[in-house]
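What follows is the residue order along each chain.
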Amino acid sequence: MSGSKYIEIPIGPQHPALHEPILFRVKVEGEKIVDVIPSTGYNHRGIERLCEDNTFLRDVFLAGRVCGICNVIHTTCYSECIERVGNIDVPPRAKYLRTILNELERIHSHMLLFAILGELIGFQTLFMLVMRDRESILTLKELIAGNRIQADYVMPGGVRKDLTPEKIQQIKKALDQVRARIKYYKKVFENDSIIKKRLSGVGILDVQDVYRYGFVGPIARASGVKSDVRCEDYYAAYNDIPFNVITRNECDSWSRMMVRVDELFESVNIVEYAVDHLPEGPIGPKAMIRTVKAGEAIARVEAPRGELVYYIISKGGDKPYRVKIRTPSFNNILNCQVMFKDANLADLPAILVSLDPCISCMERLVVVEENGRAEMKSLVDLAR
Amino acid sequence: MQVVDIAKCISCRLCAFDCPAYAIEMTLNPAAEKYKYYPVVDFGKCVFCYQCVRVCPTQAYVTSNMYNLASFAREKIIKDVLKKDIES
Ligand code: SF4
Ligand code: SF4
């Protein structure tokens, strides 16, 4: 940046505090951040295009691989969308099972974030403890779906595996332990001086900016915006299950973490309610759903990071004509510069981690051309 | 890993058709009497989604506890699997 009074520091694309490839071009004046330009495109895999070449059934697995952490949520959204296009009914038991897995995924995703937060602010013990407790949730996922992370559990029309009463007992036992641990973490987040000093008051995002830039998920809720797809739009069994939408008004990094802590309690309650009220019946259609009639539909679900949207056009046959995916991190990361204004350079990781960025899932709709700067602007515009 | 019991296979190709990773190839077995094609799984491509296990109409696929694929070098994987198979 010759001729400018600012210094530009590249953060990333290798390990910009997080273990995912994204480049932040940070303009600083002394220690103060003046502007942050997120630059993406290091992890583009062309999944939307691949979906058009593969059958509806194969795309289920592709959708699950958009994001490793929220794979069940992606497959749920994809399947809901297919079901809306094809007017396919889902048995109630399958809906409940989807809800259970979705919530377990939210729990382990939030816990992973707490662990990363601990690592980034130099609180390694928190990292170790949270990872240990997250393990019991992953074990539950393995118990239900057969795999710890990449569950491949949801299929159009239902789910792939059923729950037995013994497994339900195991789930309840593990959830009791997890709840006690979350209570402990809540105390840590509320009282620990390192966490409070590093997080409170940094990365302020006020309500107007949430609406102006379209932030979603826990980030919007931490600024007092009550937005949660689980109660705005009906999917899985959320319309039968009582739960609260957590909001806070502090608008800073710390409140974004606290919203997630409180959401964990809600998620544990949802899973417990769902296993207690699990309806009897089939868990899916007898035959695989291979073809979908012509039509188009949109489906929204609440991923751990916010609203996830799938839009599918089918022209009949066994392949989709178009699959459009919009992930929550797309909005949250490309518009993050508003939070960094006037922050300290050392606070960058603490603000970034409070956004819970998931780079692999936002890397699809990227039109990066040679003169990156001008294109970036339009990409940020797209995210609004 | 999943293992195929070729004696049960009826050469319906459903597994090869549904495999999202294109890992299954139907191979000709001229010696077979009735069902002349059997599936061969390329574990280098397989993503372990178990869709093949799910769709097979005759339950020819069996899930197993084998994990020999975990190795540092590709050559070593193949050797390890072969050696173990020969020993057992
Ligand atoms: S497990 Fe999945 S990827 Fe592997 S061979 Fe079977 S269908 Fe293909
Ligand atoms: S689905 Fe089963 S029966 Fe059909 S080809 Fe594959 S292994 Fe054989």
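Residues numbered from 1 in each chain as written. Chains lettered and ligands numbered in written order. Predicted model: local features only at pLDDT ≥ 70, side-chain atom pairs only at ≥ 80, totals over all residues. Heavy atoms only, no water.

**Brief notes about the site of ligand 1**
How we decide: One heavy atom within 4 Å of a molecule or strand makes the whole residue count as near it. Each residue receives one of three labels: charged for Asp, Glu, Lys and Arg, nonpolar for Ala, Val, Leu, Ile, Met, Phe, Trp, Tyr, Cys and Pro, and polar for the others, Gly being one of them.
As a matter of local geometry, ligand 1 sits amid 13 residues, with Q2, C19, C46, C49 and C52 of chain B nearest to it. Within the shell around ligand 1, the residues separate by chemical class into 11 nonpolar, two polar and no charged.

**Topic: the interface of chain B and chain A**
Rules: Residues count as neighbours in contact if any of their non-hydrogen atoms are within 4.5 Å of one another. Accessible area that two parts lose when put together, with a 1.4 Å probe and added across both, is what the buried area reports. Salt-bridge detection follows one rule: a side-chain nitrogen of Lys or Arg within 4 Å of a carboxyl oxygen of Asp or Glu. In protein, a polar contact means a hydrogen-donor-capable atom and an acceptor-capable atom, both N or O and within 3.5 Å, with residues adjacent in sequence counting only if both atoms are side-chain atoms; elsewhere, any N or O pair within 3.5 Å suffices. Per the convention used, a helix needs a DSSP run of H or I reaching at least four residues, while a strand needs a run of E reaching at least two, with both numbered from the N terminus.
Of the residues lining the interface, 14 residues belong to chain B; the matching set on chain A comes to 14 residues. Summed over both partners, the interface of chain B with chain A comes to about 1,200 Å²; 44% of that surface belongs to carbon and sulfur atoms. Taken as a group, F17, Q51 and R54 of chain B account for 42% of the area that chain B buries against chain A, more than any other trio of residues on that side. Counting the contacts that link chain B with chain A gives one salt bridge. One salt bridge connects D18 of chain B with R290 of chain A, and the closest N-O pair in it is separated by 2.2 Å. At the surface where chain B touches chain A, the tally comes to eight residue pairs in polar contact (both at pLDDT 80 or more). Those elements that provide at least two residues to the side of chain B that touches chain A are α1 (14–18) and α2 (51–55) of chain B. Partitioning the side of chain B that touches chain A into residue classes produces 11 nonpolar, one polar and two charged.

**A look at the nonpolar core**
What counts, and what does not: For the purposes of this section, nonpolar cores are sets of buried Ala, Val, Leu, Ile, Met, Phe, Trp, Tyr and Cys residues that join through side-chain atoms within 4.5 Å. Whether a residue is buried, partly exposed or exposed follows from its accessible area with a 1.4 Å probe, protein chains only, as a fraction of its type maximum: under 20%, in between, or over 50%, in that order.
I100 and Y310 of chain A are the most contacted members of the largest nonpolar core, which has 125 residues in total. Element by element, the count of residues in this core is highest for helix α4 (residues 92–120) of chain A, at 14 residues. Not counting the four nearest positions on each side in its chain, I100 of chain A is found in contact with I144, L163, V271, A274, V275 and L278 of chain A. C15, A23, C46 and C52 of chain B belong to the second largest nonpolar core, which has 12 residues in total.

**A word on helix α6 (residues 165–191) of chain A**
All names here are of chain A. Quick reminder of the rule: The span one expects for a helix is its residue count, reduced by one, times 1.5 Å.
Over its 27 residues, α6 runs 39 Å from end to end, which matches the ideal 39 Å to within 8%, given 1.5 Å per residue. Within α6, burial applies to K167, I168, I171, A174, L175, V178, R179, I182, Y185, V188 and F189. For α6, the elements touching its buried residues are α4, α5 (124–145), α7 (193–199) and α11 (253–276).

**Some thoughts on unusual backbone geometry**
All names here are of chain A. You will see that N87, though not glycine, has its phi angle at about 50°, which is positive. Within the secondary structure, N87 sits in the loop between α3 (71–86) and α4. For N87, a relative accessible area of 61% puts it in the exposed group. Phi angles above zero are rare outside glycine, and D342 is one such case at about 65°. Here D342 lies in the loop between α13 (337–340) and α14 (348–354). A residue is classified by how much of its surface remains accessible, and D342, at 58% relative accessible area, is exposed.

**Concerning the pattern of salt bridges**
All names here are of chain A. This structure, assessed with the given rule, holds 32 salt bridges over all chains. Among the salt bridges present, the one from D176 reaches R179, with a minimum N-O distance of 3.7 Å. Of this pair, D176 and R179 both sit in helix α6, three residues apart, which is roughly one turn of that helix. Assessed through its relative accessible area of 45%, D176 is described here as partly exposed. A relative accessible area of 18% places R179 in the buried class.

**Brief notes about the sheet that holds strand β3 (residues 32–39) of chain A**
Strand pairing in a sheet relies on backbone hydrogen bonds. The paired strands run either parallel or antiparallel. Residues and elements named next belong to chain A. Short version of the rule: When DSSP locates at least two bridges between a pair of strands, those strands are taken to pair. Think of each axis as a best-fit line through the C-alpha atoms, taken over the contacting stretch in the case of a helix, with angles from 0 to 180 degrees between the N-to-C directions.
As summarised here, the arrangement of the three strands in space is β1-β2-β3, forming an open sheet in which the pairing is antiparallel. Bordering the open sheet on either side are β1 (7–11) and β3, each of which pairs with just one other strand. Within the sheet, the average angular offset between the axes of one strand and its neighbour, ignoring direction, is 25°. Pairing between strand β2 (residues 23–29) and β3: seven bridges, direction antiparallel. The partner of R25 across the bridge, within β3, is I37.

**Things to note about the sheet that holds strand β6 (residues 295–303) of chain A**
All names here are of chain A. Ordered by their spatial adjacency, three strands build an open sheet running β6-β7-β8, and the pairing between neighbours is antiparallel. Of all strands in the sheet, those with a lone pairing partner are β6 and β8 (320–326), marking the two edges. Averaged over all adjacent pairs, the angle separating strand axes in this sheet is 15°, with direction ignored. Bridge count between β6 and strand β7 (residues 306–314): nine bridges; the pairing is antiparallel.

**Some points on α4 of chain A**
Between its terminal C-alpha atoms α4 of chain A stretches 42 Å, which fits the 42 Å expected from 29 residues at 1.5 Å a residue. Taken from the residues just after α4 of chain A, G122 of chain A is the one with a positive phi, measuring 80°.

**Observations concerning the site of ligand 2**
Near ligand 2 lie 13 residues; those nearest to it are C9, C12, R13, C15 and C56 of chain B. Here the shell around ligand 2 is composed, by residue class, of 10 nonpolar, two polar and one charged.

**Quick look at the packing of aromatic side chains**
Each aromatic ring pair is summarised here by two numbers: the centre-to-centre distance and the angle between the ring planes. Short version of the rule: Only rings of Phe, Tyr and Trp enter the pairing, Trp through its six-membered ring, and a pair is recorded when the two centres are within 6.5 Å. The plane angle decides the type: under 30 degrees is stacked, over 60 is edge-to-face, the rest tilted. A ring is scored as having a charge over it whenever the NZ atom of a lysine or the CZ atom of an arginine sits within 6 Å of its centre and within 35 degrees of its normal.
Enumeration according to the criterion identifies seven aromatic pairs over all chains in this entry. Ring centres of Y213 of chain A and F215 of chain A lie 6.4 Å apart, and the angle between their planes is 65°; on these two criteria the pair is classed as edge-to-face. Take F215 of chain A: its relative accessible area is 5%, and that puts it in the buried class. Among the aromatic residues, ring-to-ring pairing joins Y235, Y238 and F243 of chain A into one connected group. The aromatic ring of Y321 of chain A is capped on one face by K315 of chain A, whose charged end is 4.4 Å from the ring centroid. Sitting over the face of the ring of Y37 of chain B, R13 of chain B holds its NZ or CZ atom 4.9 Å from the ring centroid.

In short, geometric facts, not functional conclusions.
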